[in-house]
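# Notes for the structure review
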Amino acid sequence: MRQLGVFGWRRSLRLRLLAVGALSILIALALAWAGMTLVFERHVERRAVAELSVHLDQIIASLDRDPETGRVNLSQTPADPRFGRPLSGLYWQVESDHRTNADPWVLRSRSLWDARLPVLQDDLADGQVHEHVITGPLGASLLTLERMVQLPERLGGTRVRTVVALDRADLRAATAHFARDLLPYLGVLALMLIGASAIQITVGLRPLAAIRARINAIRSGTASRLGSDFPSEVMPLATEVDALLTAREGDVVRARARAADLAHGLKTPLQVLAGDVDRLRNQGETAVADEIQQVATSMRRHVERELARARLAAGVVDSRCRPAEVVRRVVNVVRRAPDGARLQWDSAVPDDLTARMDADDLTEVLGNLIDNAARHAAGHIRIEGAAADSGVVLRVLDDGPGIPADMRSTVLDRGVRLDMASAGSGLGLAIAQDILAAWGGTLTLEAAPSGGLAAVVTLPVRQAAHEQAMRRRGGTP
């Protein structure tokens, strides 16, 4: 698997989707956390207002006249003990309306100690309740509930402003505790949602893995098209790839046809030149004959090289063939030639052996190897084939003089011939090696058991090497 670098996530669709999904989840949960905290704060504040309203009703109901002093007081103090604890954060206060009472007075809870609530002097109708936020003792922010009440005649008939206040720090503390308690649950929820997102991304990208597997199958020769069993979002891509493969096969057919036309168009002129060379030699025009032969040989080399390159460029990576059939065709042709008619032929290539290579390319390779073996063999040629871990191994063995070990790599070079008296351009082994290299195979020369030469062809199981070799050569795989 390809390792991702520092910025590898930018080239990984899976990581990008996961990163965006995780970021979206975290943002959504952060907004949810803020929203739930705000809702809880308002809920706590509403509960506090309801509690203050109960205290306010109790204080108003407890207003009475002291029989000894005749002043208004509370017949019963509120039951909440915080009213009796100094600076507890819960306070009450009752004061007469100075605008309607010539002798103003104030009643306060013990919790206020010697402080006084700075109530707003707003106009309130009888029984009307106002809610305010004021600054209380020690600069505390207080949530205040106040009501203006008209006392009965027995209590003096004056209007009094009754106030109950609660320190908002208690509300903020409750909200803060709620927010902290909520964080672990949101963290677990975030992990679960990110995990679910990762599973969703994996399932969603599975068709892309299926396309990759189909493309590998096409490259290895086990399939020819992607097919149509893909989701509707991916199906247009598969359709375009299949259309491209179809168009490419048409290009391959046309390229092979052009290569064949070129071969047929140039073989006859070259044969005419070869006949002219022989006639000139017979007439004693040796110098002219040598010059024409040199030109013809150069032309033949270029033609054979370009034909081989055209065939390689048009190679189909999903091609397969049976080497036994190719061997039979090549041997039937070579044994009709003078060099092949005098030899004994032996083939040990299994009929069920399959090679990942185009049949015409393998015919070109084996044709060159078997033709070389026929020219140099003393009386016997054996062709063997077998499957191996590395792929398919074919061996062409002759009983000729062989090639010295230090010269075997040299003869694979283009245009090199050890026997200058024999016919040929010296391109056969080099072209065979080029074709095999393009298909990811190799050609090696070894000593045969009979003392002659063994040409060993190794073809890979998969055809990925074909594309790599063609890219290195600047061709189209």
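This paragraph deals with empty space enclosed by the protein. Scanning all chains against the criterion turns up one cavity of 30 Å³ or more. Size it by volume and the largest cavity reaches roughly 30 Å³. What lines the largest cavity is Glu41, Glu45, Arg168, Leu171 and Arg172. Counting residues per element, the lining of the largest cavity draws most heavily on helix α2 (residues 168-204), at three residues. In the lining of the largest cavity, the residues fall into one nonpolar, no polar and four charged.

Further remarks concern the packing of helix α6 (residues 323-334) against helix α8 (residues 359-376). The interhelical angle for the contact between α6 and α8, taken along N-to-C directions, is 45 degrees, at an axis separation of 9 Å. The pairing of α6 with α8 is recorded here as oblique in orientation. Crossing of α6 over α8 shows right-handed handedness. Counted together, Pro323, Val326, Val327, Arg329, Val330, Val331 and Val334 of α6 and Ala359, Leu362, Thr363, Leu366, Gly367, Ile370 and Ala374 of α8 form the full contact between these two elements. Looking at the contact of α6 with α8 residue by residue, the classes come out as 11 nonpolar, two polar and one charged.

Let's shift gears to the confidence of the model for the protein. Looking at the protein, pLDDT values average 81 and 84% of them are 70 or higher. Ranking the helices and strands of the protein by mean pLDDT puts α2 first, with 93, and helix α10 (residues 464-473) last, with 44. Note on residues 414-425: pLDDT under 50 across the span, and 26 contacts to partners over four residues away in sequence or across chains.

So, about the pattern of salt bridges. The tally for this structure, following the rule as stated, stands at 13 salt bridges. One connected set of salt bridges, linked through shared partners, spans Asp346, Arg382, Glu384, Arg395 and Glu446.

If you check α8, its first and last C-alpha atoms are 26 Å apart, about what 18 residues at 1.5 Å a residue would give, namely 26 Å. Those residues of α8 that fall on the buried side of the exposure criterion are Asp361, Leu362, Val365, Leu366, Asn368, Leu369, Ile370, Asn372, Ala373 and Ala374. N-capping of α8 is provided by aspartate 358, with a side-chain oxygen placed 3.0 Å from the backbone N of aspartate 360.

Bringing the pairing of strand β6 (residues 141-150) into the picture now. When a strand is regular, its side chains alternate between the sheet's two faces. Of all 10 residues making up β6, nine are buried, and the element is well covered by its neighbours. Both strand β5 (residues 129-135) and β6 contribute to a ladder of seven bridges, which runs antiparallel. Bridging across to β6, threonine 135 finds its partner in serine 141. Of the pairings in the sheet, the one linking β6 to strand β7 (residues 159-167) comprises nine bridges and is antiparallel in character. The residue bridging leucine 143 from the neighbouring strand is leucine 166, located in β7.

Cut-offs and rules
Residues numbered from 1 in each chain as written. Predicted model: local features only at pLDDT ≥ 70, side-chain atom pairs only at ≥ 80, totals over all residues. Heavy atoms only, no water. 1 Å grid on protein atoms, 1.4 Å probe; cavity = no way out; pocket = protein on both sides within 12 Å on 5 of 7 lines; lining within 4 Å. Points joined across faces, edges and corners; volume = space filled by probe spheres on them. Helix = DSSP H or I, 4+ residues; strand = E, 2+ residues; numbered from the N terminus. Nonpolar A, V, L, I, M, F, W, Y, C, P; charged D, E, K, R; others polar. Axes fitted to C-alpha atoms, helices over the stretch in contact; angles between N-to-C directions. Parallel < 35°, antiparallel > 145°, perpendicular 65-115°, else oblique. Left-handed = near helix turned anticlockwise from the far one by under 90°. Contact = heavy atoms within 4.5 Å. pLDDT = per-residue confidence, 0-100. Salt bridge = Lys/Arg side-chain N within 4 Å of Asp/Glu carboxyl O. Expected span 1.5 Å × (residues − 1). Buried < 20%, exposed > 50% of the residue type's maximum accessible area, 1.4 Å probe, protein only. Polar contact = N/O pair within 3.5 Å; in protein donor to acceptor, adjacent residues only side chain to side chain. Pairing = 2+ DSSP bridges.

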